[in-house]
Amino acid sequence: MEKEKLIHLLNRIGEMLEILGENPFKSRSYYNGARIIEGITEDLKKITEEKRWNEYKGIGEGLAQKISEYIETGQIGYYDELHEKVPDEILEMLNIPGLGPKKISVLVKELEITSIRRLERACRENKLVGIKGFGEKTQENILKGIEYLKKTSDRHLFAVGLANAERLIDYLKKEKSVEKIEVAGSIRRRKETVKDIDILVQTREPGKVSKLFIEYPEVTEVIAHGPTKSSIRLKDGLNADLRVIKKDEFPFALHYFTGSKEHNIAMRSRSKDFGLKLNEYGLFTGNEEKIQCKSEEEIFRKLKLSYIPPELRENFGELDAAEKNKIPVLIEENDLKGIVHVHSTYSDGLNTIEEMAEQCLSLGYSYIVFCDHSKAAFYANGLNEERVLKQFEEIDKLNKKFKEKKFKIFKGIESDILPDGRLDFEDEFLDKFDLVVGSVHSSFKLSEEEMTARAIKAINNPFLTVLGHPTGRLLLSRDAYKINLESVIEAAGKQNVLIEINSNPHRLDLDWRYCRLAKDNGVKLMICPDAHATKGIADVKYGIGIARKGWLTEKDVMNTLPINEFEKFLKEHKKERLKK
DNA sequence: GCCGTTTTCGGCCCGACTGTTTTCAGTCG
């Protein structure tokens with residue numbers, strides 16, 4: 001996607017400027033610009049043509065010029081200029097933990113080290129020791145950092161981060177002196193991928209807890225161990241930080257370490273406007289007097305803001321909304337009343353229809369919609385017409401059994417969207433389903449225009465209910481296919497087609513950054529586990545996190561409807577769409 | 001490079017930990 005490349009170039013410019021020893025605030029402007037672009041869901045070309053970059057705070061003349069240049073020519077001259085001086089191999093060294101731009105700059109100048117490979121060799125030959133600012137310990141740490149890099153990528157799926165955090169917290173709770181323990185950071189904000197785990201502890205025995213922490217059985221390395229902060233590396237490849245917090249500082253620390261960094265900067269800057277200073281220890285007046293706050297809510301209140309849930313703290317407009325008391329009541333896990341889009345043994349699932357339904361029932365849901373793969377998905381044992389009808393028979397039979405439990409199984413399908421945008425069943429047959437999810441599972445390499453047209457054609461099919469995983473991305477392993485989501489969302493709004501928030505931890509697709517755009521276009525969403533086994537049904541909790549990050553409420557998501565209303569909704573929705 | 005109802009120049013969030021240093025720079029979050 002061209003937007004991704006722009007974000008990449010801006011970030012790279014920031015990094016190159018750091019290595020060249022430029023004004024750090026200049027690099028920050030570029031990083032900040034990249035982030036702003038990331039949050040924009042509008043068409044960048046349109047903004048450029050209409051010369052509206054000045055509407056975006058943080059993008060000034062310089063950045064606007066470079067972004068426009070990129071949109072018009074596909075490149076940025078300034079980037080190429082810097083890139084002559086700082087090749088990619090040097091920049092890659094920034095990924096080594098503990099090694100930053102200053103040290104890299106020295107290494108390049110003193111030892112002509114211009115790649116990780118050369119750096120590793122120089123360390124092994126003991127060449128770093130003796131250079132000003134370097135010593136044995138630094139050399140050792142760089143080697144360790146290189147090893148770490150080879151072993152792991154620096155980001156991890158949210159689900160992996162959360163599971164590790166929960167295990168670690170359970171372990172630390174064994175220490176009786178722990179009065180309060182919370183996970184902060186990107187896990188608390190429910191980011192789709194996370195870098196590390198931040199844990200805050202309030203205790204009478206800081207030493208004991210820190211010791212317990214570094215003795216955690218899953219530790220592979222202790223990176224730091226101080227009186228208030230310790231840092232470890234876990235066998236799953238991610239780092240965990242522990243911070244010991246005093247009781248009256250806990251809310252401030254919780255807010256501070258939850259971030260995001262950008263949200264914090266905005267909050268500090270707002271504090272300044274009130275003549276106050278905010279840091280992880282407290283909120284202070286001009287004469288260093290502490291303003292007491294017992295909770296995060298109070299901190300926000302003192303700054304004349306309503307409470308901002310952690311998921312929204314990305315500096316994407318939450319301070320403005322909180323100031324105007326316009327933070328929405330976000331959807332919660334128990335708002336979901338039914339499970340939509342699961343697979344069974346009929347296609348590529350591991351459990352039978354009955355097992356999946358029983359699982360839903362035991363989790364307290366009152367309906368389930370099966371959407372097994374359709375006939376074009378032969379790799380996933382997709383169903384042809386005949387097998388669909390057989391599945392219908394079984395569902396009808398089971399529904400008799402479930403009736404007394406006020407639970408219902410609905411008949412759905414995950415129909416492949418063919419490369420030309422048709423669904424892989426005839427209309428008359430699609431009409432037999434209660435709900436049709438349409439998904440792209442093939443020909444990922446189409447051009448953006450072709451892929452966008454493909455999705456929109458599917459949306460125009462009156463039998464489509466929900467557009468499934470709209471970008472096809474697999475987090476940390478496969479990029480989204482090229483598609484103009486803005487146009488797709490607009491089309492879905494016009495045609496009254498729902499969009500899925502696929503809750504599989506590898507997908508989390510629709511991305512939270514686009515949820516608000518969907519909402520603004522009148523698009524309703526469906527939070528789906530895309531479960532292939534009973535265990536996968538609980539994945540909807542990840543989808544809830546994404547929906548919350550996307551500012552969505554109970555009303556924006558249709559499987560929050562109780563069973564009777566949901567059934568009515570499906571019928572009326574189909575009728576409405578056929579009328580159009 | 002960005003920003004401004006004190007400002008078009010001079011700020012830009014701020015503290016912990018580490019390692020190499022005798023008082024601090026670099027890195028990280």
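Residues numbered from 1 in each chain as written. Chains lettered and ligands numbered in written order. Predicted model: local features only at pLDDT ≥ 70, side-chain atom pairs only at ≥ 80, totals over all residues. Heavy atoms only, no water.

**Focus on empty space enclosed by the protein**
Overall, the coordinates contain three cavities of 30 Å³ or more when judged by the stated rule. There is about 60 Å³ of room inside the largest cavity. Taken together, Asp434, Pro462, Phe463, Leu464, Thr465, Leu570, His573, Lys574 and Arg577 make up the lining of the largest cavity. Of the residues belonging to the lining of the largest cavity, the class tally is four nonpolar, two polar and three charged. Estimates place the volume of the second largest cavity at around 40 Å³. For the second largest cavity, the full set of lining residues is Ile417, Gly438, Ser439, Val440, Ala455, Leu467, Gly468, His469, Pro470, Tyr481 and Ile483. Along the lines of polarity and charge, the residues of the lining of the second largest cavity split into seven nonpolar, four polar and no charged. (1 Å grid on protein atoms, 1.4 Å probe; cavity = no way out; pocket = protein on both sides within 12 Å on 5 of 7 lines; lining within 4 Å. Points joined across faces, edges and corners; volume = space filled by probe spheres on them. Nonpolar A, V, L, I, M, F, W, Y, C, P; charged D, E, K, R; others polar.)

**Details of helix H14 (residues 261–273)**
Its 13 residues place the ends of H14 19 Å apart at the C-alpha level, agreeing with the 18 Å of an ideal helix rising 1.5 Å per residue. Residues of H14 that are buried: His263, Asn264, Ala266, Met267, Arg270 and Ser271. On an axial view of H14, the arc spanned by its buried residues comes to 160°, and they lie on one face. Away from its buried face by more than 90 degrees, H14 exposes Lys261, Lys272 and Asp273. Of the residues one or two after H14, glycine 275 is the one with positive phi, at around 75°. (Helix = DSSP H or I, 4+ residues; strand = E, 2+ residues; numbered from the N terminus. Expected span 1.5 Å × (residues − 1). Buried < 20%, exposed > 50% of the residue type's maximum accessible area, 1.4 Å probe, protein only. Arc of directions from axis to C-beta.)

**Thoughts on the pairing of strand S13 (residues 408–416)**
Along a regular strand, successive side chains alternate from one face of the sheet to the other. Of all nine residues in S13, eight are buried, a share of seventy percent or more. Of the strand pairs in this sheet, strand S12 (residues 367–373) and S13 are connected by seven bridges, and their pairing is parallel. The partner of aspartate 372 across the bridge, within S13, is isoleucine 413. In this region the chain leaves S12, passes through helix H18 (residues 385–403) and returns to the parallel neighbour S13; the handedness of that crossover is right-handed. Note: S13 against strand S14 (residues 435–439), five bridges, orientation parallel. Paired with glutamate 414 across the strands is valine 437, a residue of S14. (Pairing = 2+ DSSP bridges. Right-handed = clockwise from strand over helix to strand, strands pointing away.)

**Section: the protein's contact with DNA strand B**
Lining the immediate environment of DNA strand B, one finds 46 residues, of which Asn23, Gly58, Gly60, Gly98 and Gly135 sit closest. Backbone atoms, meaning sugar and phosphate, make up 76% of the atoms of DNA strand B lying within 4 Å of the protein. A distance of 2.8 Å is found between a phosphate oxygen of DNA strand B and a backbone nitrogen or oxygen belonging to lysine 229. The element best represented in the surface near DNA strand B is helix H2 (residues 24–39), accounting for five residues. Here the surface near DNA strand B is composed, by residue class, of 14 nonpolar, 15 polar and 17 charged. (Near = heavy atom within 4 Å. Polar contact = N/O pair within 3.5 Å; in protein donor to acceptor, adjacent residues only side chain to side chain.)

**Focus on the environment of lysine 400**
Relative to the helices and strands, lysine 400 resides in helix H18. The exposure class of lysine 400 is exposed, given its relative accessible area of 67%. Sequence separation between lysine 400 and glycine 259 is 141 residues, and the spatial gap between their C-alpha atoms is 51 Å.

**Looking at the packing of aromatic side chains**
Describing an aromatic ring pair means giving the distance of the ring centres and the angle of the ring planes. Inspection of the entire model under this criterion finds 16 aromatic pairs. With a centroid separation of 4.2 Å and an interplanar angle of 20°, the aromatic rings of tyrosine 367 and phenylalanine 566 are classed as stacked. Taken together, the positions of tyrosine 367 in strand S12 and phenylalanine 566 in helix H24 (residues 563–579) put the pair 199 residues apart, joining distant regions of the chain. A relative accessible area of 0% means that phenylalanine 566 is categorised as buried. Ring centres of phenylalanine 444 and tyrosine 481 lie 5.8 Å apart, and the angle between their planes is 10°; this geometry places the pair in the stacked category. Taken together, the positions of phenylalanine 444 in the loop between S14 and helix H20 (448–460) and tyrosine 481 in the loop between strand S15 (466–467) and helix H21 (485–495) put the pair 37 residues apart, joining distant regions of the chain. (Phe/Tyr/Trp six-rings, centres within 6.5 Å; stacked < 30°, edge-to-face > 60°.)

**As for the state of the cysteines**
Considering all chains together, one arrives at zero disulfides under this definition. You can see cysteine 515 has no disulfide; the closest cysteine sulfur is in cysteine 528, sitting 12 Å from it. What makes cysteine 515 buried here is its relative accessible area of 0%. (Disulfide = S-S within 2.5 Å.)

**Looking at the nonpolar core**
Leu172, Ile197, Ile199, Ile368, Ile409 and Ile527 are the most contacted members of the largest nonpolar core, which totals 94 residues. No other element matches helix H10 (residues 158–172), which puts eight residues into this core. Setting aside its immediate chain neighbours within four residues, isoleucine 409 contacts Ile353, Ala357, Ile368, Phe370, Ile395, Leu398, Asn399 and Phe402. (Core = buried A, V, L, I, M, F, W, Y, C linked by side-chain atoms within 4.5 Å. Contact = heavy atoms within 4.5 Å.)

**Concerning the side chain of threonine 258**
Summarising the element assignment, threonine 258 is placed in helix H13 (residues 250–258). Overall, threonine 258 belongs to the buried group, its relative accessible area being 0%. A distance of 2.8 Å separates a polar atom in the side chain of threonine 258 from a polar atom in the side chain of arginine 188.

**Section: the pattern of salt bridges**
All chains considered together, the criterion is met by 43 salt bridges. A salt bridge links lysine 26 to glutamate 22, with the nearest nitrogen and oxygen atoms 3.4 Å apart. Overall, glutamate 22 belongs to the partly exposed group, its relative accessible area being 34%. Residue glutamate 314 is joined to lysine 549 by a salt bridge in which the shortest nitrogen-to-oxygen separation is 2.7 Å. One end of the pair, glutamate 314, is in the loop between helix H15 (296–302) and helix H16 (318–323); the other, lysine 549, is in helix H23 (residues 540–549), and 235 residues separate them in sequence. Each member of the pair glutamate 314 and lysine 549 is classed as buried. (Salt bridge = Lys/Arg side-chain N within 4 Å of Asp/Glu carboxyl O.)

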